[in-house]
Amino acid sequence: MKQTGKYDFQFSGLKLGNHQLNWPVAPDFFDNFEGTGVTEAKLKLDLEVEKKERLMTLNFHIVGEVKVHCDRCNDPLWLDVNSSEELVARFSNETDLSDDKILFLDASEYKLDLTQFIYEFTILDLPLKRVHEEGQCNPEVVSMLSEPEEEEKQTDPRWEALKNIQKE
Ligand SMILES: [Zn+2]
């Protein structure tokens, strides 16, 4: 299911100069993307736009939190999001693919779907390791996880028996 139009930024009617726009991000926004691990979002996008004759500077500020599962105990974990990214869009029919920070908008385009940027900038802001702070994990799961390690430290009786055989 693709949401269309919800995060469209219509720039064609916008006057030259600075503008402040914002979008609430739907709680289920990340359901449309696979493999993010995000089950719920509480995010807001603030977009600062500086529109000039030939280009537009877009400053994305995505603030709030997202819910994932902890890598250690698998309980729900809310992660803070505070992302600031700049994107420059040029009104031009020629494209320079060597610079991925510049977006080219040709004369036929009048709006920009921000969905992909909200997705990318939020995911980029998340830590690689998604774990609760020390001591905040589900204690039951943590104690189950630490048990096998202690067993390994104990001497394996089969190994003991083998050592005895070698001595004989
Ligand atoms: Zn945890």
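All chains use their own residue numbering, which begins from 1 and follows the written sequence. Totals for whole chains, interfaces and linings use all residues, but because this is a predicted model, local features are given only for residues with pLDDT of at least 70 and pairs of side-chain atoms are given and counted only at 80 or more.

1. Regarding the pairing of strand β5 (residues 76-91)
Inference 1: When DSSP finds two or more bridges between two strands, those strands count as paired. Strands here are runs of E lasting at least two residues and helices are runs of H or I lasting at least four, both read from the DSSP assignment and numbered beginning at the N terminus. Taken together, the 15 bridges between strand β4 (residues 55-69) and β5 define a ladder with antiparallel strand orientation. Of the residues in β5, the one forming a bridge with Asn59 is Glu86.
Inference 2: In this structure, the hairpin formed by β4 and β5 is closed by a connection of six residues, where Asn74 is found at a positive phi of approximately 70°.
Inference 3: The pairing of β5 with strand β6 (residues 102-105) spans four bridges and is parallel. Bridge pairing links Val88 to Ile102 in β6.

2. Some details on the sheet that holds β4
Inference 1: Reading across the sheet, the five strands line up as β2-β3-β4-β5-β6 and stay open at both edges, with mixed pairing between neighbours. Strand pairing shows two members of the sheet lacking a second neighbour, β2 (17-25) and β6, which therefore form its edges. Mean inter-strand twist for the sheet, computed between neighbouring axes without regard to direction, equals 25°.
Inference 2: Note on contacts: residues are paired as contacts if their backbone-placed C-beta atoms lie within 7 Å. Note on geometry: axes are lines fitted to C-alpha atoms, helical ones only across the stretch in contact, with angles between N-to-C directions running from 0 to 180 degrees. Along the sheet face, helix α1 (residues 115-125) touches β2, β3 (40-51), β4 and β5 and points at about 130° away from the line of β5.

3. Describing the nonpolar core
Inference 1: One finds Val25, Ala41, Leu43, Leu45 and Ile118 to be the most contacted residues of the largest nonpolar core, which totals 18 residues.
Inference 2: For this core, the elements supplying multiple residues, two or more each, are β3, β4, β5 and α1.
Inference 3: Beyond its immediate sequence surroundings of up to four residues, Val25 is in contact with Ala41, Leu43, Lys44, Leu45 and Ile118. Nonpolar cores are built from buried Ala, Val, Leu, Ile, Met, Phe, Trp, Tyr and Cys residues. These are joined into a set through C-beta atoms within 7 Å. Here the C-beta atoms are placed from the backbone, and a residue counts as buried if at least 20 other C-beta atoms lie within 10 Å of its own, exposed if 12 or fewer do, and partly exposed otherwise.

4. Focus on the confidence of the model for the chain
Detailed conclusions should not be drawn from predicted coordinates in areas where pLDDT is low.
Inference 1: As a per-residue measure, pLDDT reflects the predictor's confidence and takes values from 0 up to 100. With 83% of its residues at a pLDDT of at least 70, the chain reaches an overall mean of 88.
Inference 2: By mean pLDDT, helix α3 (residues 157-167) is the weakest element of the chain at 64, and β3 is the strongest at 98.

5. Topic: the environment of Cys73
Inference 1: Inspection of the secondary structure assignment puts Cys73 in the loop between β4 and β5.
Inference 2: Ignoring sequence-local partners within four residues, the contact set of Cys73 consists of His132, Cys137, Asn138, Val141 and Val142.

6. Here we look at α1
Think of an α-helix as 3.6 residues a turn; residues three or four steps apart then line up on the same face.
Inference 1: Where α1 is concerned, the buried positions are Phe117, Ile118 and Thr122. Looking straight down α1, one finds its buried side chains confined to an arc of 120°; they lie on one side. Every exposed residue of α1 that faces more than 90 degrees away from the buried side is listed here: Gln116 and Leu124. Comment: arc refers to directions from the helix axis out to C-beta atoms.

7. Overview of the pairing of β3
Inference 1: Strand direction decides the pairing type here: β2 and β3, joined by nine bridges, are antiparallel. Residue pairing in the sheet places Asn18 in a bridge with Glu50 of β3.
Inference 2: When β3 meets β4, the two strands line up antiparallel, connected through twelve bridges. Residue pairing in the sheet places Ala41 in a bridge with Val66 of β4.
Inference 3: Taken together, β3 and the strand that follows it, β4, pair antiparallel across an intervening segment of three residues.

8. Concerning unusual backbone geometry
Inference 1: Within the chain, Asn74 stands out as a residue other than glycine whose phi angle is a positive 70°.
Inference 2: With respect to the secondary-structure elements, Asn74 resides in the loop between β4 and β5.
Inference 3: Residue Asn74 is classed as exposed on the basis of its C-beta count, with 11 C-beta atoms lying within 10 Å.

9. Details of the environment of Gly37
Inference 1: Inspection of the secondary structure puts Gly37 in the loop between β2 and β3.
Inference 2: The class for Gly37 is partly exposed, based on 14 C-beta atoms found within 10 Å.
Inference 3: Expressed as a C-alpha distance, the spacing of Gly37 and Val68, which sit 31 residues apart in the sequence, is 5.6 Å.
Inference 4: Ignoring any residue separated from it by four or fewer positions in sequence, one finds Gly37 in contact with Val68 and His69.

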